[in-house]
Amino acid sequence: MDLVPVLEEPLKKVLGPPTAKVMAEHLGLHTVGDLLHHYPRRYAERGELTRLAELPLDEHVTVVAQVATARILRFNGGSGQRLEVTITDGSGQLQLVFFGRGIHKPHKDLLPGTRAMFAGKVGVFNRKMQLAHPAYQLLSAESSEDAAEAVGSWAGALLPLYPATAKLESWKVAKAVDLVLPSAQEAVDPLPEALRDGRGLVPLTEALLKIHRPHTKADIEDARARLKWDEAFVLQVALARRRFADTQLTAVARVPKPDGLLTAFDAKLPFTLTDGQQKVSKEIFDDLATEHPMHRLLQGEVGSGKTMVALRAMLSVVDAGGQAAMLAPTEVLAQQHHRSITEMMGELAEGGMLGGSEHSTKVVLLTGSMGTAARRQALLDLVTGEAGVVIGTHALIEDKVQFLDLGLVVVDEQHRFGVEQRDALRSKGKQPPHLLVMTATPIPRTVAMTVFGDLETSVLDQLPAGRSPIASHVVPAADKPHFLSRAWERVREEVSKGHQAYVVCPRIGDDEDEKPKKGAASSKTSSKTSGKTSGTSSTKTAAKKQTTEDEAEKRPPLAVLAVAEELAHGPLQGLKVEVLHGRMQPDDKDAVMRRFTAGEIDVLVATTVIEVGVNVPNATAMVIMDADRFGVSQLHQLRGRVGRGSAPGLCLLVTEMPEASPARARLGAVAATLDGFELSRIDLEQRREGDVLGQAQSGVRSSLRMLAVIEDEEIIAEAREEATKVVAADPDLERLPGLRTALDALLDEEREQYLDKG
């Protein structure tokens with residue numbers, strides 16, 4: 001069923017092409033329905049002024065305030081003039097400035113005592129916050145006819161303040177909403193009537209009117225409660241339909257034979273599996289034994305033993321006569337997995353070779369950069385079934401790759417793959433193979449329900465015996481240069497004890513034209529790198545802090561090649577320092593990792609190619625340069641590369657961001673806890689809600705506007721339960737045309753199957 005035509009009408013027909021163009025390009029709004037679902041960010045009450053004291057620098061804002069002073073100043077010997085207006089809201093003041101010919105109208109309008117809405121980008125001039133040439137709308141009846149109209153519009157109501165842009169202020173969005181609001185009557189309600197009535201939710205048309213034009217705070221609460229349910233429920237219905245469709249597929253049950261390859265492998269293990277590994281393995285083996293495809297997410301902390309669980313699942317499938325493929329996001333990781341799995345299996349990985357065990361199979365590697373002969377042999381081993389286990393990159397997905405009987409696909413670090421890639425590999429089975437998705441990025445329960453909602457979830461939250469604690473510290477290179485000097489001393493101390501260290505940089509840096517200058521890794525700190533004045537602990541003004549933060553952000557990120565050279569000739573002179581990055585030849589990367597694993601390299605300066613899967617128990621220290629350039633979860637992943645042996649780990653997060661900045665707060669959170677689930681909550685709370693769904697991969701056009709996946713855990717859990725019931729009773733939603741319409745609005749039909757992992 002198509003969307004209601006009125007709601008699908010292009011905005012250019014309603015608002016005119018210029019406004020519609022700005023809305024499409026800057027706000028992603030194309031239709032009447034899109035604009036109706038562009039909700040106010042917040043509301044200002046009549047008589048209640050927005051706090052100027054809390055304005056964020058460098059962001060577009062809308063404020064409601066009163067003019068305190070207005071004066072014209074001359075400059076350039078009297079040839080130039082500017083209008084300076086000071087506005088206040090009781091909490092603070094803000095300066096507005098208008099130049100040249102643009103001063104005449106505001107000089108007439110903005111008289112002391114005038115109240116208005118102002119919109120613009122908050123900047124700093126002479127250490128004072130200001131808006132340059134802000135747009136404004138008068139709210140005082142005595143100022144002008146426009147103001148009288150504005151006051152009439154908002155009389156007795158709350159002022160909705162919309163997400164806006166420099167080219168389209170909040171009140172212009174509000175006027176556009178006024179034009180389309182009557183169309184809300186045409187909206188088809190997606191919620192089944194019984195569900196809506198049972199939960200005391202207002203109808204959709206009423207919710208849209210109340211969210212855009214509330215008369216009371218209770219109106220806003222009613223609307224939000226209803227619109228959150230819509231988002232949660234429609235999304236969960238899409239996921240429930242995918243789960244239902246998966247149960248209709250048939251797969252080959254893979255029951256391992258007793259005393260086969262898995263039994264022989266378990267007998268070789270020099271350690272005992274943790275209780276968590278045994279529990280999760282049982283869940284997986286139970287799934288593999290059924291005649292419809294397993295779809296399971298295995299999430300576990302860095303180093304919790306996911307690879308061991310996955311390998312045992314792969315061996316059980318080989319025992320049952322099938323083949324298993326592991327898809328890794330990078331060649332470095334694919335090679336690492338191949339090396340560690342063949343080492344763990346020993347003679348069990350030497351199928352068809354002299355010295356191979358009677359239960360053995362062949363374990364092959366397949367990557368895009370392999371030589372022709374090796375590649376041809378790997379392809380032959382797969383199509384003949386000689387190789388029971390294959391580990392590879394997206395090269396596994398190519399058309400030429402054929403399996404004899406693909407029974408299990410393991411996807412490592414799911415967030416690195418588009419869903420299309422994963423499903424392309426699954427399509428290589430004669431029947432749909434079983435699927436195990438792994439991630440070392442801990443996912444809060446609600447996000448798992450929202451983003452991985454079509455998968456059953458297993459969690460490994462127990463670290464294997466012998467893993468050591470990791471101490472983490474923020475190194476404020478700009479504020480305290482001697483801290484960075486001490487960081488390099490600590491690296492030398494670890495090496496002197498026979499251990500090794502990683503230094504991680506955001507960039508490779510050979511052919512970029514903006515190479516950092518010397519000083520990046522020295523005790524003089526990388527403030528010299530950018531040629532800036534570093535912030536000090538005595539810096540108090542917001543303007544100064546912002547300048548420091550801006551400059552730290554604007555300079556190019558530190559690069560592997562420059563930092564490695566400087567360390568080798570400076571603070572780490574005399575140590576064996578080598579580099580590893582994604583543009584090296586695969587054989588060279590592999591050779592470096594082998595030397596590092598063997599202890600022949602003291603310090604490895606690398607990009608995030610070492611982020612996942614790299615396992616060197618002797619590496620105890622990690623220094624992350626420009627740590628503020630990485631996300632919370634990524635920092636947690638990187639940190640997990642140390643402390644993998646018996647010696648304690650050390651992770652130093654180097655930053656030039658000033659102490660009061662959000663970036664420093666984020667780093668402080670990472671340093672304060674090793675709990676990945678807690679960090680993932682922090683990470684999520686600091687990002688836009690829409691990012692959660694991984695829009696580029698999920699096919700979700702509209703994202704989440706009202707639902708907060710952390711705060712609204714209860715709604716999501718209840719919506720999942722209701723959605724499962726609805727889909728079980730009516731999989732095609734034939735009796736619920738409104739819900740079917742809402743699904744079509746959320747997803748392109750062909751992409752519904754890809755509502756999946758961000």
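Keep in mind the model is a prediction, meaning the values are calculated, not measured.

In this section: the confidence of the model for the chain. Counting all residues, the mean pLDDT for the chain is 80, and 81% of those residues have values of 70 or more. Ranking the elements of the chain by mean pLDDT puts helix 25 (residues 695–698) last with 33 and strand 17 (residues 500–504) first with 96. Residue range residues 523–545 is modelled with pLDDT below 50. Its contacts to residues more than four positions away, or to other chains, number 43 contacts.

Time to look at the packing of helix 14 (residues 331–345) against helix 21 (residues 586–597). Taken N-terminus to C-terminus, the directions of helix 14 and helix 21 make an angle of 50 degrees; their axes are 10 Å apart at the nearest point. In terms of orientation, helix 14 and helix 21 fall into the oblique class. The two elements helix 14 and helix 21 cross, and the hand of that crossing is right-handed. Facing Glu 331, Val 332, Gln 335, Gln 336 and Arg 339 of helix 14, the residues of helix 21 in contact are Pro 586, Lys 589, Asp 590, Met 593 and Arg 594.

Right, let's talk about the sheet that holds strand 10 (residues 323–327) for a bit. Spatially, the 7 strands line up as an open sheet ordered 11-12-10-13-14-9-15, and their pairing is parallel. On the outer flanks of this sheet lie strand 11 (362–366) and strand 15 (456–460), each paired with one strand and no other. Mean inter-strand twist for the sheet, computed between neighbouring axes without regard to direction, equals 20 degrees. Across 5 bridges, strand 9 (residues 295–300) lies against strand 14 (residues 434–439) in parallel orientation.

This next bit is on the pattern of salt bridges. Here the structure, examined in full by the defined rule, presents 33 salt bridges. Taken together, the salt bridges that share partners define one network made up of Arg 486, Glu 489, Arg 490, Glu 493, Glu 494 and Lys 497.

This next bit is on the nonpolar core. Counting residues in each nonpolar core, the largest one holds 37 residues, and the members touching the most others are Phe 265, Ile 284, Leu 315, Met 345, Leu 408, Val 410 and Leu 436. Ignoring anything within four residues of it in the chain, the contact list for Ile 284 reads Met 294, Arg 296, Val 309, Ala 313 and Leu 436. Listed in part, the 33 residues of the second largest apolar core include Leu 7, Val 22, Leu 158 and Leu 208.

We now examine the pairing of strand 11. The buried fraction of strand 11 amounts to 5 of the 5 residues, a majority that puts the element mostly inside the structure. Residues of strand 11 alternate between two faces, with Lys 362, Val 364 and Leu 366 on one and Val 363 and Leu 365 on the opposite face, all of them buried. Summarising the sheet, strand 11 and strand 12 (residues 387–392) pair through 5 bridges and their orientation is parallel. If you follow Lys 362 over to strand 12, its bridge partner there is Ala 387. The β-α-β motif built from strand 11, the intervening helix 15 (residues 372–384) and the parallel element strand 12 has right-handed crossover chirality.

Conventions and cut-offs
Residues numbered from 1 in each chain as written. Predicted model: local features only at pLDDT ≥ 70, side-chain atom pairs only at ≥ 80, totals over all residues. Heavy atoms only, no water. pLDDT = per-residue confidence, 0-100. Helix = DSSP H or I, 4+ residues; strand = E, 2+ residues; numbered from the N terminus. Contact = heavy atoms within 4.5 Å. Axes fitted to C-alpha atoms, helices over the stretch in contact; angles between N-to-C directions. Parallel < 35°, antiparallel > 145°, perpendicular 65-115°, else oblique. Left-handed = near helix turned anticlockwise from the far one by under 90°. Pairing = 2+ DSSP bridges. Salt bridge = Lys/Arg side-chain N within 4 Å of Asp/Glu carboxyl O. Core = buried A, V, L, I, M, F, W, Y, C linked by side-chain atoms within 4.5 Å. Buried < 20%, exposed > 50% of the residue type's maximum accessible area, 1.4 Å probe, protein only. Right-handed = clockwise from strand over helix to strand, strands pointing away.

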